[in-house]
Amino acid sequence: MRKTWLLNMAGDPVALENLRIRIERHSIPEPNSGCWLWIGASDGRGYGQLATERGASPVKAHRASLMAFKSELGEDTDHLCRQPSCVNPAHLQAVSHRVNCLRGHSPNAINARKTHCALGHEFTPGNTYSPPSRPKSRQCLVCHQQWVTGRQMAGYYTKAAREARRRRGSSASLRAG
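Residues numbered from 1 in each chain as written. Predicted model: local features only at pLDDT ≥ 70, side-chain atom pairs only at ≥ 80, totals over all residues. Heavy atoms only, no water.

### Some details on the pairing of strand β5 (residues 76–79)
Convention followed: Exposure categories follow from relative accessible area, calculated using a 1.4 Å probe and restricted to protein chains: below 20% of the type maximum is buried, above 50% is exposed, and the middle band is partly exposed. Helix numbering and strand numbering both begin at the N terminus, where a helix is a DSSP run of H or I of at least 4 residues and a strand a DSSP run of E of at least 2. Only strands joined by at least two bridges in the DSSP assignment are considered to pair.
In β5, alternate side chains face the same way, and those of Asp-76 and Asp-78 on one face and Thr-77 and His-79 on the other are all buried. Both β5 and strand β6 (residues 92–95) contribute to a ladder of four bridges, which runs antiparallel. Counted as the bridge partner of Thr-77 is Ala-94 from β6.

Here it is, written out as structure tokens:
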């Protein structure tokens, strides 16, 4: 409904002009960064919200700004300035959800930008291992082989060690229940 409301405005110049006026009325320019800070209603995470129709869910102010000023609407709207309350269309870009996530500061985004492992080995196609259980993750192949070798040296893969782990696991589950 919310995306449809914005898309329906695209062909109506009067509605877009009214939306621009509403956005300018509910934002103030921040002189140092160039952000237009939203001073209207916001959600709990600092993103501005804009009422659409009585009883309907509000739209995010930055998405409405992108539509009103640039006539763009993507899967996600990325804040290039990293300020959630900014509605300056020059600081906004329509991108895919994946791109928006990878530009952020989440652990996944930080790990995706890494070019070397913790021990300094470069992540290259020939030196990168993806475990079958986690195909989207990656490990340094040199470090992974050292880890496996260390477990082999410690006897982790012997039949007796496997049997002991199996017994511990089954007795632990009996104690827990």
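There's plenty left to go through after this.
### Digging into a nonpolar patch on the surface
Applicable threshold: Patch members must show over 30% relative accessible area and no salt bridge, and they are joined within 9 Å when carrying like charges or within 5 Å when they are nonpolar side chains of Val, Leu, Ile, Met, Phe, Trp or Tyr. Every accessible area reported is derived by Shrake-Rupley at a probe size of 1.4 Å, with residue values counting cover from the shown protein chains alone. We count a salt bridge whenever a side-chain nitrogen from Lys or Arg sits within 4 Å of a carboxyl oxygen from Asp or Glu.
Together, Trp-147, Tyr-156 and Tyr-157 line one region of the surface with nonpolar side chains, adding up to about 310 Å² of accessible area. Structurally, the position occupied by Tyr-157 is in the loop between α6 (141–153) and α7 (159–176).

### Quick word on the pattern of salt bridges
Counted according to the given criterion, the structure contains six salt bridges. Where Asp-43 meets Lys-60, a salt bridge forms, and the shortest distance between an N and an O atom there is 2.6 Å. Placement of the pair is Asp-43 in the loop between β2 (36–38) and β3 (49–50) and Lys-60 in strand β4 (residues 59–60), with a sequence separation of 17 residues. On the basis of relative accessibility, which here comes to 16%, the residue Asp-43 falls in the buried class. Residue classification places Lys-60 among the partly exposed positions, given a relative accessible area of 23%. Among the ionic pairs, Asp-78 bridges to Arg-82, the shortest N-O distance being 3.1 Å. On the basis of relative accessible area, Asp-78 is assigned to the buried category, the value being 0%. Arg-82 gets classed as partly exposed once you look at its relative accessible area, which sits at 37%. Salt bridges sharing partners connect three or more residues here, namely Asp-78, Arg-82 and Arg-103.

### Side note on the packing of helix α2 (residues 13–25) against helix α3 (residues 61–70)
Defined as follows: Here an axis means a line fitted to C-alpha atoms, over the contact stretch when the element is a helix, while the angle between two N-to-C directions is reported on a 0 to 180 degree scale. Working definition: roughly parallel below 35 degrees, roughly antiparallel above 145 degrees, roughly perpendicular at 65 to 115 degrees, and oblique for all remaining angles. Handedness of a crossing is defined here by the sense of rotation of the near helix relative to the far one, left-handed for an anticlockwise turn of less than a right angle and right-handed for a clockwise turn. When checking whether two residues touch, look at their non-hydrogen atoms; a contact exists if any pair is within 4.5 Å.
Viewed as axis vectors pointing N to C, α2 and α3 meet at an angle of 130 degrees, and their least axial separation amounts to 9 Å. Between α2 and α3, the angle is such that the two are oblique. With respect to the hand of their crossing, α2 and α3 are arranged in left-handed fashion. On α3, the residues touching Leu-16, Leu-19, Arg-20, Ile-23 and Glu-24 of α2 are Ala-64, Ser-65, Met-67, Ala-68 and Phe-69.

### Concerning α3
Within α3, eight of the ten residues are buried, which leaves it mostly tucked inside the rest of the structure. Those residues of α3 not exposed but buried are Ala-61, His-62, Arg-63, Ala-64, Ser-65, Leu-66, Met-67 and Ala-68. At the exit of α3 stands Ser-71, carrying a positive phi of roughly 55 degrees.

### Re the packing of aromatic side chains
Two aromatic rings, taken as a pair, are described by how far apart their centres are and by the angle between their planes. Definition in use: Stacked, edge-to-face and tilted are the three classes for Phe, Tyr and Trp ring pairs, Trp counted by its six-membered ring, which pair at centre distances within 6.5 Å; planes under 30 degrees apart are stacked, over 60 edge-to-face, the rest tilted. Only Lys NZ and Arg CZ are tested; either one counts as a charge over a ring when it is within 6 Å of the ring centre and within 35 degrees of the ring normal.
All chains considered together, the criterion is met by one aromatic pair. The interplanar angle of 75 degrees and the centroid separation of 5.5 Å between the aromatic rings of Trp-36 and Phe-69 together place this pair among those described as edge-to-face. Here the residue Trp-36 occupies a position in strand β2, and Phe-69 occupies one in helix α3, the gap between them amounting to 33 residues. In this structure, Arg-138 packs its charged tip against the face of Phe-123, placed 4.2 Å from the ring centre.

### Here's the deal with the environment of His-62
Relative to the assigned elements, His-62 resides in helix α3. You can call His-62 buried: its relative accessible area is 6%. With 26 residues separating them in the primary sequence, His-62 and Asn-88 have C-alpha atoms 7.7 Å apart. When neighbours within four sequence positions are excluded, His-62 is seen to be in contact with Tyr-47, Thr-77, His-79, Cys-86, Val-87 and Leu-92.

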